[in-house]
Amino acid sequence: MFAPVPEGGASEQLFLGGMVRHDTLAQIFRSMILLAAAITCLISADVPRVGRRGDYYAIIIAATLGMCLMSAASDLIMVLIALETTSISLYLLVGFLRGDAKSAEAGVKYFLFGAFSSAVLLYGLSLLYGFAGQTNIYGLSGALAAAGLEPGHVLLVLVMVLVGFGFKVSAVPFHFWTPDVYEGAPTPITAFISVGSKAASFALLLRFFLAVFPTYEEYWVVVIAVLATFTMTLGNLLALVQRNIKRMLAYSSIAQAGYALIGVAAVAADNSLGSGAVVFYMFMYTLTNLAAFTIVILVERVTGGDQIADLAGLHQRAPRLALAMFLALLSLGGIPPLAGFAGKLFLFSAAVDAGLVWLAMVGVINALVSLYYYLVVAKVMYVDQPAHADKAIAVSRPYVYSLVVTVVGMVLLGTIFIGPWLNWSTSAASGLF
Amino acid sequence: MIINGETIAFAVFAIMAIVGGVGVAALRNLFHAALSLLVALFGVAGLFVLLAAPFLAMVQILVYMGAIAILIIFVIMLTQRVAGMREQYNRQWILSGLVALVVFGVLLMVISQLGTPENAMWNPSAVAATLPDDAGVAALGADLVDANRYVLPFEVAGLLMTVALIGAIAVARED
């Protein structure tokens, strides 16, 4: 995986019959996904009914492989197979809690929505193959141009592909599954879906749109900018009224996908800055969300509940956990010196550079709105009185490792590692064109 | 439009596929819907034959009709609660029907703009003529295990099946 990337563009970097491409974008997203998978396994260790099951970890490994392939897939066939490997493994993991009605409902709901969006995506991909006569995504844009199609034909395909990817990143209006699935799934799996699956889908989205539709930028920039606006706004507004911490984080993750879509919209006009910002943002989001979910799991185990109120007085019971959660919330909200601030800054400046000033403004307003619900959780932790102050929160070793890695990463990424990390992220863009 | 054996066969198979598909969605009895699925799958198998893909047609009949559809019928018959179900509409069927019609209209509009027979890309016989001579089952088999063709998707698909199997057992077994 960390083998050096071959020089010389797509022709040198395609492997196994052009099915996968080994470039910096794939490399950086794979490290993100493997980190997310490792931490998911760590934070599963003490979760009842999943932590001691071998089959559970086997399915996680398959899902991870699917996500890694998604970040590198460069052929329509590989795109579909990688997506399905990821999705089907995740459907199973979401419904893994046998006899738990919520988990079963979440699994079925995820499966039905997923099957529907996969079908639309597959229809889009097969039309694309029909128009262009080939399946490698680096040959498609040339073949589409040679076929002499009306823009309407390509736009139809573009919308269908966007439905498929929009479902995976839970963009509005394809987000309906998100809150129920996040709430019903075993909590480590919620964490895994919220970061791993989302990161892999953004990798695929960036690669696919830039490789296949470069000549139709004027259309899809508008579509994605509108999608980003709705996703951010709806996610944040609905997060404001949630009482369940997993549902709150679900709507928060919808909103975060909206911010990352700003970067995708900016990619078209200013290549390296926009995609670099998306990559940076997804990395910081991976670390931050994993930290937040680690604490949710720890608290859930002691209090038996996943309401925001169950975090009450966390500061008195476990000051270090409260501090870690506080940092994660600040990072999600975008407060310096944490990674979330740098991430949002790069996204919004990429949007301004691309001439999408209005989109950057929408993003800033949304970031301010989101601070409210993140800080409400902080207030509950620090000010409210705990219901069971005497019950200590035991933190076993895997959880300590997970928290140390994520919190330290989050702080370093927001301070001294900004420069090198942004360089690596923007270098990922060079392979995309 | 020329009326010959091919067009007539196409019409027959296309009607089977469409009528079968509508039946799956619209029949009130779930068992009849499953039988209707068989008709739709047979229509698609016929279309594969017309597109010069006899192997796919055979797989369609053996796997989809022979295994999957029969499995669905078994599941319906063995599940009392589902077998007795006579009503599969909910209150949103009008709305979803409208959405389906709109999508169909858009697709029809876009695709009908493509069809000129002289444009080789939309012409099945012309596509069949571009296929290499050895485009048979043997070539398909060789391609699936060729490191420069489709070995990676083939292997990953195999893994996907294994995971689905593990998962199905994990979710369904009695603890």
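Below you will find a few notes about this structure. As a convention, each chain's residues are numbered from 1 in the sequence order in which they are written. By the order in which they are written, chains take letters starting at A while ligands take numbers starting at 1. At least 70 in pLDDT is required for a residue's local features to be given in this predicted model, at least 80 for side-chain atom pairs to be given and counted, and no such filter applies to totals for whole chains, interfaces and linings, which use all residues. As a rule here, side-chain values come from all non-hydrogen atoms in the structure, and water together with hydrogens is ignored.

**Concerning the overall build of chain B**
Definition in use: Here a strand is any run of E in DSSP of at least two residues, a helix any run of H or I of at least four, and the numbering for each starts at the N terminus. Whether a residue is buried, partly exposed or exposed follows from its accessible area with a 1.4 Å probe, protein chains only, as a fraction of its type maximum: under 20%, in between, or over 50%, in that order. Residues count as neighbours in contact if any of their non-hydrogen atoms are within 4.5 Å of one another. The accessible surface values rely on the Shrake-Rupley method and a 1.4 Å probe; as for residues, cover is taken only from the protein chains in view.
Looking only at helices and strands, chain B has eight helices and zero strands in total. For chain B, the sequential pattern of α-helices and β-strands runs α-α-α-α-α-α-α-α. For chain B, the proportion of its 175 residues judged to be buried stands at 20%. For chain B, restricting intrachain contacts to residue pairs at least 6 apart in sequence, the fraction spanning at least 24 positions comes to 53%. Surface summary for chain B: the accessible area is close to 12,100 Å², and the carbon and sulfur share equals 74%.

**Observations regarding helix 3 (residues 54–78) of chain B**
In an α-helix, one full turn covers 3.6 residues, which means residues spaced three or four apart are oriented alike. All names here are of chain B. Using the following cut-off: Between the first and last residue of a helix there are one fewer steps than residues, each counted as 1.5 Å, and that sum is the expected span. At every residue, the bend is computed as the angle between two fitted axes, covering the seven residues ending there and the seven beginning there respectively.
The terminal C-alpha atoms of helix 3 lie 34 Å apart, and with 25 residues this matches the ideal 36 Å at 1.5 Å per residue to within 8%. Of all the bends in helix 3, the greatest, near 30 degrees, is centred on Tyr64. Along helix 3, the residues classified as buried are Ala57, Gln60, Met65, Ala69, Ile73 and Ile76.

**A short note on unusual backbone geometry**
Residue and element names in this part refer to chain A. In this model, Val172 is joined to Pro173 through a cis peptide bond whose omega is 5 degrees. Checked against the element boundaries, Pro173 lands in the loop between helix 7 (151–168) and helix 8 (177–184). Positive phi values are uncommon outside glycine, yet Arg49 reaches one of about 70 degrees. Among the secondary structure elements, Arg49 is positioned in the loop between helix 2 (24–44) and helix 3 (54–72). Unlike most non-glycine residues, Ser170 shows phi in positive territory, near 50 degrees.

**What about the pattern of salt bridges?**
Residue and element names in this part refer to chain A. Applied cut-off: A pair is scored as a salt bridge if a Lys or Arg side-chain nitrogen falls within 4 Å of a carboxyl oxygen belonging to Asp or Glu.
Taken as a whole and judged by the stated rule, the model has 12 salt bridges over all chains. Two residues, Arg207 and Asp23, come together in a salt bridge whose shortest N-O distance is 3.0 Å. On the criterion of sequence distance, the pair formed by Arg207 in helix 9 (residues 187–212) and Asp23 in the loop between strand 2 (20–21) and helix 2 is long-range, its members being 184 residues apart. A relative accessible area of 0% places Arg207 in the buried class. With a relative accessible area of 1%, Asp23 lands in the buried category. Here Asp180 ties to Lys109 by a salt bridge, and the two come within 2.6 Å at their closest N and O atoms. Here the residue Asp180 occupies a position in helix 8, and Lys109 occupies one in helix 5 (residues 101–132), the gap between them amounting to 71 residues. Accessibility expressed as a relative area gives 25% for Lys109, which makes it partly exposed.

No statement about biological role is implied by the geometric values presented.
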